[in-house]
Amino acid sequence: RGGFNNFLLDRDGILRRNLIAFKLGKQPLYSFSLQISKVYLDTEELSVKPDFVQLDSTVFADLKADSGGYQLSQTDVGGTQILLDYPVPNKAPRKLSFSQVINGDYNPRLIKNQVVIVGYTAPSKKDLFQTPFGGAKTPGVVIHAHMVSQILRTVLAQKPLWRFLPQWSEFVWIWVWSMGGAVIVWRIRHPLVLGVSLIVTSIGLISLCWVGFLSSIWIPTTPAILGLLSTTGAILAYKT
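What you see is a predicted model, and the numbers here were worked out from it, not measured in a lab.

About the criteria used
- Per chain, the residues get numbers from 1 upward, laid out in the order the sequence is written.
- Note on the predicted model: pLDDT of at least 70 is required for a residue's local features to be given, and 80 or more for side-chain atom pairs to be given and counted; whole-chain, interface and lining totals, by contrast, use all residues.
- With hydrogens and water stripped out, all remaining heavy atoms of the structure feed into the side-chain values.
- Think of it this way: any DSSP run of H or I at least four residues long counts as a helix, any run of E at least two long counts as a strand, and we number them from the N terminus.
- Only protein chains enter the area calculation, which uses a 1.4 Å probe; residues under 20% of their type maximum are buried, those over 50% are exposed, and those in between are partly exposed.
- The contact definition used throughout considers only heavy atoms, calling two residues in contact when any of these lie within 4.5 Å.
- His is not counted here, nor are the chain ends, while Lys and Arg score as positive and Asp and Glu score as negative.
- By convention, the charge on Lys lies at NZ, on Arg at CZ, on Asp at CG and on Glu at CD.
- Paired strands, as defined in this entry, are two strands with at least two bridges between them according to DSSP.
- Axis definition: a line fitted to C-alpha atoms, over the contacting stretch in the case of helices. Angles run 0 to 180 degrees between N-to-C directions.
- Each patch is assembled from residues with relative accessible area greater than 30% and no salt bridge, linking like charges that lie within 9 Å and nonpolar side chains (Val, Leu, Ile, Met, Phe, Trp, Tyr) that lie within 5 Å.
- Here, Shrake-Rupley sampling with a 1.4 Å probe gives the accessible areas, and only protein chains in the shown set may cover a residue.
- The working definition used for a salt bridge is a side-chain nitrogen of Lys or Arg within 4 Å of a carboxyl oxygen of Asp or Glu.

*Asks:* Where do I start with the overall build of the protein in this structure?
*Replies:* Counting its regular elements, the protein contains six helices and 10 strands. Across its three principal axes, the protein shows a C-alpha extent of roughly 80 × 45 × 30 Å. Looking at the protein as a whole, 35% of its 240 residues are labelled buried. Taking the contacts inside the protein whose residues are at least 6 apart along the sequence as the reference set, 62% of them involve residues at least 24 apart. Each charge class in the protein can be summarised by its mean position, and for the 23 positive and 14 negative side chains these summaries are 6 Å apart.

*Asks:* Where do I start with unusual backbone geometry in this structure?
*Replies:* Peptide bonds are mostly trans, and most non-glycine residues show a negative phi. The backbone of D56 sits at a positive phi, close to 55 degrees, despite the residue not being glycine. Position of D56 relative to the elements: it lies in the loop between β4 (52–55) and β5 (58–61). Backbone geometry at N113 places phi at a positive 60 degrees, although glycine is not the residue there.

*Asks:* I would appreciate a short explanation of the sheet that holds strand β6 (residues 80–83) in the present structure.
*Replies:* As a general point, the strands of a sheet are linked pairwise by backbone hydrogen bonds and lie either parallel or antiparallel. An order of β2-β1-β6 is seen for the three strands of this open sheet, with the pairing classed as antiparallel. Each of the sheet's edge strands pairs with one partner strand only, and the pair in question is β2 (27–30) and β6. Between one strand axis and the next, the sheet turns through 15 degrees on average, direction left out of account. As paired elements, strand β1 (residues 17–24) and β2 share four bridges and run antiparallel to each other. Paired with F22 across the two strands is L29, which belongs to β2. Contacts from helix α3 (residues 140–156) reach β1 and β6, with the element oriented near 80 degrees to β1.

*Asks:* Please clarify how a nonpolar patch on the surface should be interpreted in this entry.
*Replies:* Together, L96, V101, I111, V116 and V118 make up an exposed nonpolar region whose accessible area comes to about 430 Å². By the element assignment, L96 lies in the loop between β6 and α2 (98–103).

See below:
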């Protein structure tokens, strides 16, 4: 029932990924957070496949080197990794001190039917990690709680993991917006109408990407905008 507790830091020292499983030869090994989630769900349905991990009927797809705008080097890819979906800072796990538990100074409802993880939060233990929120570093035990919470939300609440477009469709997406900017500039000659059209087109592009973001779909935004602006500038320069 043991699980490894390795954290994978990005090159800037920030923790954005959760390594949930890998194979040592033919033997599958599972992370601490995945093992706890399995025990909490009271299930034996856990398996490692070449490109995903399956817990009950929920599939955790592996993070690839070219997954969306989050690019990994080949040395960073290995095992089954997912992007960590941190809750907002005011939704941090509830914490009880050791003395509170020993003295009974807490509401039992805080721990009844809940996952309870015991660990150090003292800075002297140097078990601290930088998260994308910045500011003070977060204790490892709290990050493990975030990892367990994300896995359980995915299984129980069907909260989708981050999904990414295939690389070929990202190229098509950027190409369509680039050509769209060229067509607008080529066909519209009135400066005011042209300006309004480009603004509306840009807002439409950003809105589509935002809707995808809210649905946990990573759609390339900046490359599409750059493609739109670069072709617009090129056609304007040619016409001038």
